[in-house]
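Descriptive analysis of the structure
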Amino acid sequence: MLSNIGVPGLILILVLALIIFGPNKLPEIGKAFGKSLREFKRATDGITDDIKAELKNDIQVAKKESINEKK
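So, how was this worked out
- Residues numbered from 1 in each chain as written.
- Predicted model: local features only at pLDDT ≥ 70, side-chain atom pairs only at ≥ 80, totals over all residues.
- Heavy atoms only, no water.
- Patch = residues over 30% accessible without salt bridge, like charges linked within 9 Å, V, L, I, M, F, W, Y side chains within 5 Å.
- Areas by Shrake-Rupley, 256 points an atom, 1.4 Å probe, with all protein chains shown as cover.
- Salt bridge = Lys/Arg side-chain N within 4 Å of Asp/Glu carboxyl O.
- Helix = DSSP H or I, 4+ residues; strand = E, 2+ residues; numbered from the N terminus.
- Buried < 20%, exposed > 50% of the residue type's maximum accessible area, 1.4 Å probe, protein only.

**Some points on a nonpolar patch on the surface**
- There is a patch of nonpolar side chains on the surface, built from Val7, Ile11, Leu12, Val15, Leu16, Ile19, Ile20, Phe21 and Ile29 and spanning about 890 Å² of accessible area.
- Position of Leu16 relative to the elements: it lies in helix H1 (residues 6-70).

**Topic: the pattern of salt bridges**
- Applying the stated rule across the entire model yields 3 salt bridges.
- Two residues, Lys25 and Glu28, come together in a salt bridge whose shortest N-O distance is 3.7 Å. Separated by 3 residues within a single helix, Lys25 and Glu28 lie in helix H1, roughly one turn from each other.
- The class for Lys25 is partly exposed, based on a relative accessible area of 45%.
- Taking the shortest distance from any N to any O, the salt bridge between Arg42 and Glu39 comes out at 3.0 Å. Of this pair, Arg42 and Glu39 both sit in helix H1, 3 residues apart, roughly one helical turn.

Structure representation (C-alpha cells):
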C-alpha cells in the first residue's frame, strides 16, 4: 500500500503536514513517530526471538524423541 505513494505523493504529504501542524510542531511529531517505530521494532524483534527459541526447543525435543524411537 505505501509502496505506491512515490516521491510526489510523499512531498504532498510533507507539505500538508507542514501546513496543518506548522514548522514548530513538525520536529516534535517526527521525533515521537521515530520513537514509536523504534519501540514497535523492538517489540516485534522480541516476539520473533521468542518464536525462534520455541521452534529451536521443539526441534531439539523432536530429535531426542527420534533417537529414542530408533533404539
